[in-house]
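Descriptive structure summary
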Amino acid sequence: MSIVECKDINKTYQQGKIEVRALKGVTLSIDKGGFVALAGPSGSGKTTLLNIIGSLDQPDSGSVSVDGNTFEKMTQSQLALLRLHKVGFVFQSYNLIPVLSAVENVEFVMLLQGVQAAQRRERAKAILDDVGLEAEYDRRPAELSGGQQQRVAVARAIVSNPSIVLADEPTANLDSKTGNGLLEMMKKMNEEKKVTFIFSTHDNMVMDYARRLILIRDGCIVDDQIK
Amino acid sequence: MSIDVKMAWRNIWRNPRRTILTISAIAFASLLLVFMLSFQFGSYETMINSSVKIHTGHLQVQSAGYQDKKSIRLVVPDPDTIGKILNQIQSVEAYTFRAIAFSLVSSKKRTYGSIVIGIDPVREAKVSTLKSLMRKGSYLAKDDTDQVLIGSLLAQNLKIDIRDEITILGQGRDGSIAATVVKVKGIYSSGIDDLDRNSIHMPLKYFQDVYGMYDAVHEVVVTGKSLKAVDGIKAVLNTGIKKINPKLPLVVLDWKELTPGLLQSIELDLVSGIIFYFFLILVVAFSILNTFLMVIFERTREFGVLKAIGITPGRLTKLLLIESITMTTIGIAAGIIAGSLITLYFQGHGIDISGASDILVQYGISGRIYPRLSLLSAFIGPGIVFIITFLAALYPALKIRSLRPVEAMTYV
Ligand SMILES: Nc1ncnc2c1ncn2[C@@H]1O[C@H](COP(=O)(O)OP(=O)(O)OP(=O)(O)O)[C@@H](O)[C@H]1O
Ligand SMILES: [Mg+2]
């Protein structure tokens, strides 16, 4: 059963006087429970595609739906609610709210969802334990290493059982050992909690973790293989 | 503490120096407003009270039209009945009767026009400060007859001193000539030129004989226990007078009606104060606006993350408003406390304003002014600061609603 549906997506950016076609008619369908890598060289359109799937950006044409919700006719606040409940994000860096501790960062999403305080704390701690941060609950982002920060970001993304987690080059700022640790952890969450992950990368090591590898070049999907 | 408030609190202290500057600006403005408003209110009260004590009393009962025409024929015929009403009003401090005539006053060398006022020496001393203004000679005694008190400038002009004789020539109530020769018993100086240049006080009984007044007077002068009591006394007096005889052409005037100039100078002072306060508050509003525009500028990326994880625009606005309200509240609270303490200090010690302002001297104030802290003076200024800074923060708080997450995220 597919959880993400993209049909013929086009996106053009204006860079001064030059038009850059970031996506050229991308059609894509991703199944529930997938662990999908979006790979391609720099400037190929990976971030653009992830942002569009996550409703952070709107395509010029084409349609996107997540878990049966088609974005086209939704308002900004409806999209905000959709992101809150169905989509988790992990960015390359600066994911966390600097004034909140690790556990508070994770709790914050549940706060927005209206989860009870006691339950929030309990679930936040449990998920931080799952990503291996049982000793780091009360540290602020500035007091965590890059890898630890990314783990908190993953914990925050999956704590509310979203339909998909979108991770844009989550390991790009990490050394390869830490990056592999993070991917192992993501894979574990994917297997144990059945969370669908879509992540972008241009690192071969990272691609190896994926069960499905989509290659994108110049805004077009050029290869799509299931391992 | 909810996470929202916790976040706001921590965000406030991310840039401690800027926060302290902003809070200080708010606190200082609030302090200034509390003190200055208390000072203004205090000086108005002093102005009113001393003006009341020298000239007019808080209230007067007069014949209708007397205030404008000052005609000797417009009298309060039976002042004792009014006295009986006043005796029964708790909040009346004292009252006295006065009769007034315009006359020519001559010494051996010169003649001047002057206001001759008949006063009850005992009652007058309780209502006005006349007794304490004596500079030479002495105040009138209970049974004095052909003796007068004279303003210092008038005495100078007439080139007379105490114990000298002067001739008074005027018109009596019935149109007949009123003339008498009196002896100067004392010379007073109020500091108010008008009063010192052209007034003479004589015993009321003697005045009534000379001017053919019988028992009538022109003014029943009343002081209340406080300024606040005035409206109440006025109402009781009005109904009391109606009860005696509804057709009696008497009116009750309060200090505002008796000295319209005083009210005007108060209003003028208040307006110029308000203009100053307006600019003060404007400066504070801009400092808040600037702070929060900077906040948005610096935290764009963070707001982008918040939007990406699905915060609603309303909640984002709320977060920023909690920050601004917390900062403003700290500043205002500090300002109110400091401002109140300073005001209370000067309320006890007074502020020396000798030689400061002509307007004040006109109304008999010289020396010290005592600011008066009240709920109103403590909270109205800071309250307005609160509202204005809230509005100033509202603009950036609403602006971030339209921030688009992708743009915020690519913004570094
Ligand atoms: N906001 C923007 N304005 C103008 N052009 C943009 C904008 N965002 C992306 N582009 C352009 O669109 C194309 C695709 O960019 P995108 O960021 O999706 O690539 P990417 O695959 O994520 O690259 P990288 O691996 O470097 O992150 C690029 O040519 C880029 O310059
Ligand atoms: Mg990218």
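Residues numbered from 1 in each chain as written. Chains lettered and ligands numbered in written order. Predicted model: local features only at pLDDT ≥ 70, side-chain atom pairs only at ≥ 80, totals over all residues. Heavy atoms only, no water.

**Some details on the overall build of chain B**
When helices and strands are counted, chain B shows 15 helices and 12 strands. Against the compact-globule benchmark of 22 Å for 412 residues, chain B has a radius of gyration of 31 Å, which places it well outside the compact range. Judged by the C-alpha coordinates and their principal axes, chain B covers about 100 × 50 × 30 Å. Every one of the 412 residues in chain B was classed for burial, and the buried ones make up 50%. Intrachain contacts of chain B at a sequence separation of at least 6 include 78% that bridge at least 24 residues. Of the roughly 19400 Å² of accessible surface on chain B, a fraction of 61% belongs to carbon and sulfur atoms. (Helix = DSSP H or I, 4+ residues; strand = E, 2+ residues; numbered from the N terminus. Rg over C-alpha atoms; globule rule 2.2 N^0.38 Å. Buried < 20%, exposed > 50% of the residue type's maximum accessible area, 1.4 Å probe, protein only. Contact = heavy atoms within 4.5 Å. Areas by Shrake-Rupley, 256 points an atom, 1.4 Å probe, with all protein chains shown as cover.)

**Observations concerning the domain arrangement of chain B**
Domain boundaries assigned for chain B yield domain 1 (3-52 + 262-409) and domain 2 (65-248). Using only C-alpha atoms to locate each centre, domain 1 of chain B and domain 2 of chain B end up separated by 50 Å. (Domains from an automatic or database assignment.)

**Comments concerning the pairing of strand β3 (residues 35-39) of chain A**
Residues and elements named next belong to chain A. Along β3, 5 of the 5 residues are buried, which leaves the element largely enclosed by surrounding structure. Here β3 shows a buried face lined by F35, A37 and A39 and a second buried face lined by V36 and L38. Of the strand pairs in this sheet, β3 and strand β8 (residues 196-201) are connected by 5 bridges, and their pairing is parallel. Following the sheet pairing, A37 is matched in β8 by F199. Of the pairings in the sheet, the one linking β3 to strand β9 (residues 212-217) comprises 4 bridges and is parallel in character. Each residue of the ladder has a partner; that of L38, found in β9, is I214. (Pairing = 2+ DSSP bridges.)

**Notes on helix α1 (residues 46-53) of chain A**
Residues and elements named next belong to chain A. Counting buried positions along α1 yields 7 of 8 residues, so the element is predominantly enclosed. Looking only at α1, the buried set comprises K46, T48, L49, L50, N51, I52 and I53. Looking one or two residues past α1, S55 carries a phi angle of roughly 65°, positive in sign.

**What to know about the sheet that holds strand β2 (residues 18-31) of chain A**
All names here are of chain A. As summarised here, the arrangement of the 4 strands in space is β2-β1-β4-β5, forming an open sheet in which the pairing is antiparallel. Looking at which strands have only one partner, the edges of the open sheet turn out to be β2 and β5 (69-70). With 11 bridges connecting them, strand β1 (residues 2-15) and β2 associate as antiparallel partners. Looking at β2, one finds that Y13 is bridged to V20.

**What to know about the state of the cysteines**
Residues and elements named next belong to chain A. Evaluation of the coordinates by the stated rule reveals 0 disulfides over all chains. Its sulfur unpaired, C6 is 14 Å from the next cysteine sulfur, which belongs to C220. For C6, a relative accessible area of 0% corresponds to the buried category. (Disulfide = S-S within 2.5 Å.)

**Re helix α12 (residues 313-349) of chain B**
Helix length check: α12(B), at 37 residues, gives a terminal C-alpha distance of 53 Å against a target of 54 Å (1.5 Å per residue), a fit within 8%. Looking one or two residues beyond α12(B), the residue adopting positive phi is G350(B), at roughly 80°. (Expected span 1.5 Å × (residues − 1).)

**Observations concerning the side chain of S114(B)**
Structurally, the position occupied by S114(B) is in strand β3 (residues 111-119). Within the structure, the side chain of S114(B) is placed 3.4 Å from the backbone oxygen of N198(B), a separation counted as a polar contact. (Polar contact = N/O pair within 3.5 Å; in protein donor to acceptor, adjacent residues only side chain to side chain.)

**Thoughts on the interface of chain B and chain A**
In this complex, chain B contributes 23 residues to the contact, which on the side of chain A involves 26 residues. Where chain B abuts chain A, roughly 2200 Å² becomes buried across the two surfaces, and 68% of that area is made up of carbon and sulfur atoms. Counting the surface chain B buries against chain A, the share from its top three residues, I3(B), R10(B) and I309(B), is 28%. The tally of links from chain B across to chain A stands at 3 salt bridges. Where chain B packs against chain A, one counts 7 residue pairs in polar contact (both at pLDDT 80 or more). Of the residues that constitute the side of chain B that touches chain A, the class distribution is 11 nonpolar, 3 polar and 9 charged. (Buried area = accessible area lost by both parts, 1.4 Å probe. Salt bridge = Lys/Arg side-chain N within 4 Å of Asp/Glu carboxyl O. Nonpolar A, V, L, I, M, F, W, Y, C, P; charged D, E, K, R; others polar.)

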